[in-house]
Amino acid sequence: MPNVAVVGAGIVGLTTATLLQDALPATSVTLMADKFLQDTTSDGAAGIYRPGLQFQGLSPEVTRRWLENSYKYYKDILHAGDPEVTGVKKVSGFHFSSQYPDIVVNPFLKAILEEHRPCTQEELDLYGYKYGSFMTTVLTECRRFLPYLTKKFKSRGGSIVERHLTSMEDLAGDFDVVCNCSGFGSRDLCGDLTVTPIRGQVFKVRAPWVKYFYYVDYDTYILPGFDLLTLGGTRQFDSYSSEVCRHDAAAIWERCTQVLPGLKNGEIVRQWVGWRPYRPTVRVERETMTFAGNKTLEVVHNYGHGGYGVMTAPGTSIDAVKLVVDYLASRKSKL
Ligand SMILES: Cc1cc2nc3c(=O)[nH]c(=O)nc-3n(C[C@H](O)[C@H](O)[C@H](O)COP(=O)(O)OP(=O)(O)OC[C@H]3O[C@@H](n4cnc5c(N)ncnc54)[C@H](O)[C@@H]3O)c2cc1C
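We now turn to the structure provided with this report. (Residues numbered from 1 in each chain as written. Predicted model: local features only at pLDDT ≥ 70, side-chain atom pairs only at ≥ 80, totals over all residues. Heavy atoms only, no water.)

## Looking at the pattern of salt bridges
With the rule as written, the count across this model stands at 19 salt bridges. E285 is the salt-bridge partner of R283, the closest N and O atoms lying 2.7 Å from each other. We classify R283 as buried; its relative accessible area is 12%. Across the pair R283 and E287 runs a salt bridge, and its minimum N-O distance is 3.4 Å. Its relative accessible area of 26% is what places E287 among the partly exposed residues. Residues joined by salt bridges that share partners form a network here, namely E84, E141, R144 and D227. (Salt bridge = Lys/Arg side-chain N within 4 Å of Asp/Glu carboxyl O. Buried < 20%, exposed > 50% of the residue type's maximum accessible area, 1.4 Å probe, protein only.)

Right, dumping it as structure tokens:
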């Protein structure tokens, strides 16, 4: 029986691990990480499916396939499961601007979503903007979705190991193939200096009367999760601070309460900072890593999703799992 490990227990690692179990039911899958659930970057993300144009695979076809497959994956969960349990729900909302007419139309979304239309004049007047779109999409809240996937993984015999790796070499000789889903950790684990943090800061606020999501211009957003709204944000490239910055907080609060003044009556539950694991193109490929003493390790990479990892993890993970399946089949045929 092949022995496969997945490094990383964020959205990318857990999605890959459960898809591996679907594709290779007779395979032993070990999920290994030094952080789980609420300690991952994935936990703080709002999780809305709204890809930006910076999300890139190696070609437009690959990017499109990842986006389509991801949306289909979440739609299937939406139709099959209880959103309160899975953390996957439908959300509708607006993207407004008074300055930038082009940004309110997202070509990726327009091609994929069933509902993506220009705002009516009545909607623009109500909120006080010149340009706007209204759309319906999905939102995946990792505080529910990661436990849901963890339970699924364990119930099918998957094992979970808490371990910090100093190098991928630590695993050489232990597994037939390893999926590297370590997000920002790949900078050290693979020496990939193109992985760069894009620092994001948000508020988590209880204001249950807010039902729609709102994006205004580039970095102002109000996104309704299950219990809390995510209010953001910042996009600070190559910034390694993990502390909440009071100046960022003041700016986010001012911008969001301008959009919805009623938020001032909401309860601020917490603030959070995360590093989006940015890479110019998301890396999904197989590599034979070689180490001193002729040691080797077969690795399938799946990392570098930037600000889009929740929404796109299924698409990239489907391709990563296919690389594992093809590799194991090719090895078998050589025996
Ligand atoms: C403010 C903010 C808002 C966001 N909003 C959205 C959104 O609305 N929609 C969306 O799609 N995305 C959003 N994102 C992006 C999203 O959070 C990331 O793209 C996603 O979480 C990346 O997932 P991951 O599994 O690659 O990484 P992570 O969640 O960081 O998981 C990495 C895993 O690898 C493990 N690991 C790393 N190094 C090692 C090591 N050396 N040894 C052992 N284990 C290791 C960690 O322990 C962890 O388990 C947002 C991000 C931020 C910061």
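## Remarks on the packing of helix α3 (residues 60-80) against helix α10 (residues 309-334)
Running from N to C, α3 and α10 point in directions that differ by 110°, and their axes come no closer than 7 Å. The angle between the axes of α3 and α10 places the two elements in the roughly perpendicular class. Contacts from R65, W66, L67, N69, S70, Y73 and Y74 in α3 reach V310, M311, T312, A313, P314, G315, T316, I318 and D319 in α10. Within the contact of α3 with α10, the residues separate by chemical class into nine nonpolar, five polar and two charged. (Axes fitted to C-alpha atoms, helices over the stretch in contact; angles between N-to-C directions. Helix = DSSP H or I, 4+ residues; strand = E, 2+ residues; numbered from the N terminus. Parallel < 35°, antiparallel > 145°, perpendicular 65-115°, else oblique. Contact = heavy atoms within 4.5 Å. Nonpolar A, V, L, I, M, F, W, Y, C, P; charged D, E, K, R; others polar.)

## Looking at helix α9 (residues 246-259)
For α9, built from 14 residues, the straight-helix expectation of 20 Å at 1.5 Å per residue is met to within 8% by its first-to-last C-alpha distance of 20 Å. Within α9 the residues assigned to the buried category are D248, A249, I252, C256, T257 and V259. Buried residues of α9 fall within an arc of 145° about the axis and therefore sit on the same side. Exposed positions of α9 whose direction lies more than 90 degrees from the buried face are R246, H247, E254 and Q258. Looking at the packing, one finds that the buried side of α9 touches β8 (196-206), β9 (213-216), β10 (220-224), β11 (229-232), β12 (236-237) and β13 (267-291). (Expected span 1.5 Å × (residues − 1). Arc of directions from axis to C-beta.)

## Focus on the environment of V161
Checked against the element boundaries, V161 lands in strand β6 (residues 159-162). Among all residues touching V161, those that are not within four sequence positions of it are T30, L31, M32, A33 and F36.

## A look at the layout of surface pockets
With a probe scaled to a water molecule rolled over the atoms, the places where space remains empty come into view. In this structure, the second largest pocket encloses a volume near 160 Å³. If you go around the second largest pocket, the residues you meet are D43, A45, A46, E141, R143, K204, G225, F226, D227, L228, T230 and R270. Its residues placed into classes, the lining of the second largest pocket shows four nonpolar, two polar and six charged. (1 Å grid on protein atoms, 1.4 Å probe; cavity = no way out; pocket = protein on both sides within 12 Å on 5 of 7 lines; lining within 4 Å. Points joined across faces, edges and corners; volume = space filled by probe spheres on them.)

## Re the site of the ligand
Within the structure, the ligand sits among 35 residues, and D34, K35, S42, G306 and M311 are positioned closest to it. Between the ligand and S42 there is a distance of 2.6 Å, counted from an oxygen atom to a side-chain nitrogen or oxygen. Backbone polar atom of G307 to a nitrogen atom of the ligand: 3.0 Å apart, as the coordinates give it. A total of 1000 Å² of accessible area belongs to the ligand in isolation, and the protein chains cover 94% of it. Those elements giving two or more residues to the shell around the ligand turn out to be α1 (11-23), α2 (41-44), β8, β13 and α10. Sorting elements by how many residues they give to the shell around the ligand places β13 first, with four residues. A per-class count over the shell around the ligand returns 16 nonpolar, 15 polar and four charged. (Near = heavy atom within 4 Å. Polar contact = N/O pair within 3.5 Å; in protein donor to acceptor, adjacent residues only side chain to side chain. Areas by Shrake-Rupley, 256 points an atom, 1.4 Å probe, with all protein chains shown as cover.)

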